[in-house]
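Overview (structure and organization)
The primary structure of each chain is shown beneath.
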Amino acid sequence: MTVDETSSQQARVTDSSLLGRPIQPVLPRKSAATAEDGRGWLLAVPFTLLALCLAGPLVAISLTAFQRGAGGFAHALGEAIYLRAIERTVLLALIVTVICLCLGLFYAVGLAVSPAWIKFILFASLFATFWISLLVRTYGWILLLEPVGALYWALHKMGLLHAPLTIFQTTPAMYPAMVAAMLPFMVLPIYRSLVGLDRNQIWAARSLGGRASLIMRRIILPELKGGVVAGSTLVFMISLGFFVTPRFLAGPENFTLSTVIDHEFERTYDFTAASAMGLGLLGGVLVLFLFAERLFKVSENWERV
Amino acid sequence: MLDDGKASRRQFLIKGGAALGALTGAAAVVDAAAAGTDRLFRTQANICVYADYGGTTEAARQQVYTNSFTAKTGIKVDYAPADDAKFVLMAEQGNVIWDAQDANNYEFVEFMNLNLLHKLPSWVPRADMVVEPQYRDYASACYTFSYLMPYRTDKFGANKPQSWADFWDTSKFPGMRAFPNDSTDTGGVFEVALLADGVNPSKLYPLDFDRALNKLSQLRSNLLFYSSLAEGQQFLASGNASLGMMSNARAYAIKTQGAPIELNWNQALLAWSGPAVQRRAPHLVNISKMIAWEASPLRQAQFAQLTHYGPTMSAAFKHMPKSLIDALPSSPAHAKVAVKINAPALAKQYQDYQAAYTQWLAKG
């Protein structure tokens, strides 16, 4: 047997008895709890949690939705308000995603290039919004955006505004609150792909005479694409089902899918139609996810964050 | 190697399955225990469940009625958030959780038309004024109230709004108006629109939905909708709304807390409200005892002192100073300019009323 010295990463052992095929060295397993270790039963805890908290309610909703056969779905689709809600919600999610994308790109670039102390502040702000309860943040937005709320007071004091604000209980009131809630989901994947950029490539391109536009086109943007797509898909999917912000900041005419479902459950007590609507929303988001996965492999990008 | 994998996979499945089963079993036991103790608590001899609209009125009820009732009889009053649709649904499905709900007179008539209410035992004192004779066996311990227009005096000091037409006049009286949306008590929204449109109070019922909704659409951009009575009070108290449409007691509550509010009694919509007892109430005796306790002239007078809701027992006036009597919804001065809600007529339309209003709210 001879060892091939030119390769340093893997030992190629050639043996005529093995028909010349290389034998891969056995690398140690990386996972801590595996079936072989006998500690695999630890997985039972998260699985039970998933079963109780995710699968259980889903099964209950599905059973309720099909109580009247297809009647629940027929009723839901027949309601004009449901179809309008789908339209409004998709539009809302699109607008929020676009705004998040623009702001998120700036934020991520700021995170990537700023000195350590600014980076710390930016990260801390991002995670602080993540960790403060969504309900408390939404109440904060109510106090900000009320006709004579905090924002009016600040602008009035500066002499910029003389009449009360009219943004409260309208659709535009939802945008800042939702963007603020979604920004971490957009910034983190983009930041991750920015950090993954190989500086050597940029220097090499520069030294070979490449201009900024070429560097942008050929090196930076393809790298960013993964993060942008991952972040946008995540933000869009979450925005479709967002409930707290439309419930509190929007007026009764700015309903979204989630508030319509809530209305069916809480006010008209048509549980079958409401469950059917909920399943419809879930189905739509799943289809969207499958598309994104097929086209852009988003789950890989989420794993990298 | 392959055999090892299969054996350890089987081991994993067995152990995992056992753990899963144990956890599920534990969850089921805990759930059953919780449900059992909950049922035990609810069917205990010493509670009754009353659904109302919370906020300052509930606080007043507790202060005047509930605390002394519980101290005297040991029966606890469990408060729940009121909801007409839920009340009806409970009775229809047979799964009655509430004993009674705070219902307005037109809701009373609606519930009686649907045969949902239980007749009060003979030992519960009856109302002897305001409540019409045909309802006195079902409605006791009631109070009078008015839907009216509170306004901020710091916005309209000299030029006061006097009528529902002024409520609609955004040029003379600018600012947002606090208005109920369909998550809370929506009584009176069509009536005030029709009155603002110039309909004669005696010709108000049956309500012309289209005319009312058209009138409401004119004001839509100035309406600040509140999802609970407390939110409406907060809008007015914080100055986000310059005028409002709510019951007199709610407006009076924020006035006593220091907000610069004045109540406009002209064209106020006068009605009465009280506990409507479910036919299959789970704690019938307890809720009847609670109503009997509240149907005391002295306590009705105390409640009136605190909230400015009027009594429905004439003996209560003996315990009230003249200044209080003059402040109540049914006082002579107020009753003269009030518009009385026609309960049977409104009850006939009330379900369509709520559906039409909900639809208009969603339409924008």
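Above this text you will find the structure in question.
Figured I'd write up the structure that's included with this text. No experiment lies behind these values; they were computed from the predicted model shown.

1. Here we look at helix H8 (residues 229–238) of chain B
Residues and elements named next belong to chain B. When we look at burial in H8, the residues that qualify are Leu 229, Gly 232, Gln 233, Phe 235 and Leu 236. Buried residues in H8, looked at end-on, bunch into an arc of 155°, giving them a common side. Just beyond H8, the residue with positive phi is Gly 239, at close to 90°.

2. So, the interface of chain A and chain B
At the interface, 27 residues of chain A touch 30 residues of chain B. At the boundary of chain A with chain B, total buried surface from both sides reaches about 2300 Å², with 62% on carbon and sulfur atoms. When the buried surface of chain A facing chain B is broken down by residue, Pro 252, Arg 267 and Tyr 269 of chain A rank first, second and third, together holding 25% of it. Viewed at the interface, chain B and chain A are joined by one salt bridge. Between the two partners, chain A and chain B, sit six residue pairs in polar contact (both at pLDDT 80 or more). Of all the elements in the fold, those that place two or more residues in the side of chain A that touches chain B are helix H1 (44–65), helix H3 (80–113) and helix H11 (257–268) of chain A. For the side of chain A that touches chain B, a count of residues per class yields 14 nonpolar, six polar and seven charged.

3. Details of the packing of helix H6 (residues 189–196) of chain B against helix H7 (residues 209–219) of chain B
Two measures define how a pair of helices packs: the angle their axes make with one another and the distance between the axes. Residue and element names in this part refer to chain B. For the pair H6 and H7, interaxial distance at closest approach is 8 Å and the crossing angle is 80°. For the element pair H6 / H7, the angle class is roughly perpendicular. Contacts from Val 189, Phe 190, Ala 193, Leu 194 and Ala 196 in H6 reach Phe 209, Arg 211, Ala 212, Leu 213, Lys 215 and Leu 216 in H7.

4. Regarding unusual backbone geometry
In this chain, Tyr 205 of chain B is followed by Pro 206 of chain B through a cis amide linkage whose omega measures -5°. For Pro 206 of chain B, the position within the fold is in the loop between H6 and H7. Although it is not a glycine, Gln 169 of chain A adopts a positive phi angle of roughly 60°. Along the polypeptide, Gln 169 of chain A turns up in the loop between helix H6 (150–157) and helix H7 (174–195). Under the relative-accessibility criterion, Gln 169 of chain A is labelled buried at 10%. Located in the positive-phi region is His 308 of chain B, a residue other than glycine, with phi close to 70°. One can find His 308 of chain B in the loop between helix H11 (297–307) and strand E10 (310–311). You can call His 308 of chain B buried: its relative accessible area is 12%.

5. Overview of the packing of aromatic side chains
Across all of its chains, the model carries 32 aromatic pairs over all chains by this definition. Measuring from centroid to centroid gives 6.2 Å for Tyr 50 of chain B and Tyr 79 of chain B, while their planes differ by 75°, and the two rings are edge-to-face. With Tyr 50 of chain B in strand E1 (residues 47–52) and Tyr 79 of chain B in strand E2 (residues 76–81), this pair connects stretches of sequence that are 29 residues apart. Judged by centre distance (5.4 Å) and plane angle (75°), the ring pair of Trp 164 of chain B and Phe 167 of chain B falls under edge-to-face. With a gap of three residues between them, Trp 164 of chain B and Phe 167 of chain B both fall in helix H5 (residues 164–168), about one helical turn apart. The buried category is assigned to Phe 167 of chain B, whose relative accessible area is 0%. Its end group placed over the ring of Phe 248 of chain A, Arg 247 of chain A keeps NZ or CZ at 5.3 Å from the ring centre. The positively charged end of Arg 220 of chain B is found above the aromatic ring belonging to Trp 360 of chain B, 4.5 Å away from the centroid.

6. Focus: the nonpolar core
In terms of nonpolar packing, the biggest core is built from 75 residues, with Phe 167, Phe 179, Phe 190, Leu 207, Leu 216 and Tyr 357 of chain B touching the most fellow members. The leading source of residues in this core is helix H14 (residues 343–363) of chain B, at 10 residues. In this structure Leu 207 of chain B touches Phe 190, Glu 191, Leu 194, Leu 346, Gln 349 and Tyr 353 of chain B, once residues within four positions along its chain are discounted. Judged by nonpolar contacts, the second largest core, of 55 residues, contains Phe 123, Met 182, Tyr 191 and Ile 220 of chain A.

7. A few points about the packing of helix H4 (residues 105–113) of chain B against H14 of chain B
Residue and element names in this part refer to chain B. At a minimum axis distance of 8 Å, the contact between H4 and H14 shows a crossing angle of 70°. By the angle class used here, H4 and H14 are roughly perpendicular. Considering the relative orientation of H4 and H14, their crossing is right-handed. Listed contacts from H14 to Asn 105, Tyr 106, Glu 107, Val 109, Glu 110 and Asn 113 of H4 are Ala 343, Pro 344, Leu 346, Ala 347, Tyr 350 and Gln 351. A breakdown of the residues in the contact of H4 with H14 according to their chemical character gives seven nonpolar, three polar and two charged.

Calculation notes
Residues numbered from 1 in each chain as written. Chains lettered and ligands numbered in written order. Predicted model: local features only at pLDDT ≥ 70, side-chain atom pairs only at ≥ 80, totals over all residues. Heavy atoms only, no water. Buried < 20%, exposed > 50% of the residue type's maximum accessible area, 1.4 Å probe, protein only. Helix = DSSP H or I, 4+ residues; strand = E, 2+ residues; numbered from the N terminus. Arc of directions from axis to C-beta. Contact = heavy atoms within 4.5 Å. Buried area = accessible area lost by both parts, 1.4 Å probe. Salt bridge = Lys/Arg side-chain N within 4 Å of Asp/Glu carboxyl O. Polar contact = N/O pair within 3.5 Å; in protein donor to acceptor, adjacent residues only side chain to side chain. Nonpolar A, V, L, I, M, F, W, Y, C, P; charged D, E, K, R; others polar. Axes fitted to C-alpha atoms, helices over the stretch in contact; angles between N-to-C directions. Parallel < 35°, antiparallel > 145°, perpendicular 65-115°, else oblique. Phe/Tyr/Trp six-rings, centres within 6.5 Å; stacked < 30°, edge-to-face > 60°. Lys NZ or Arg CZ within 6 Å of the ring centre and 35° of its normal. Core = buried A, V, L, I, M, F, W, Y, C linked by side-chain atoms within 4.5 Å. Left-handed = near helix turned anticlockwise from the far one by under 90°.

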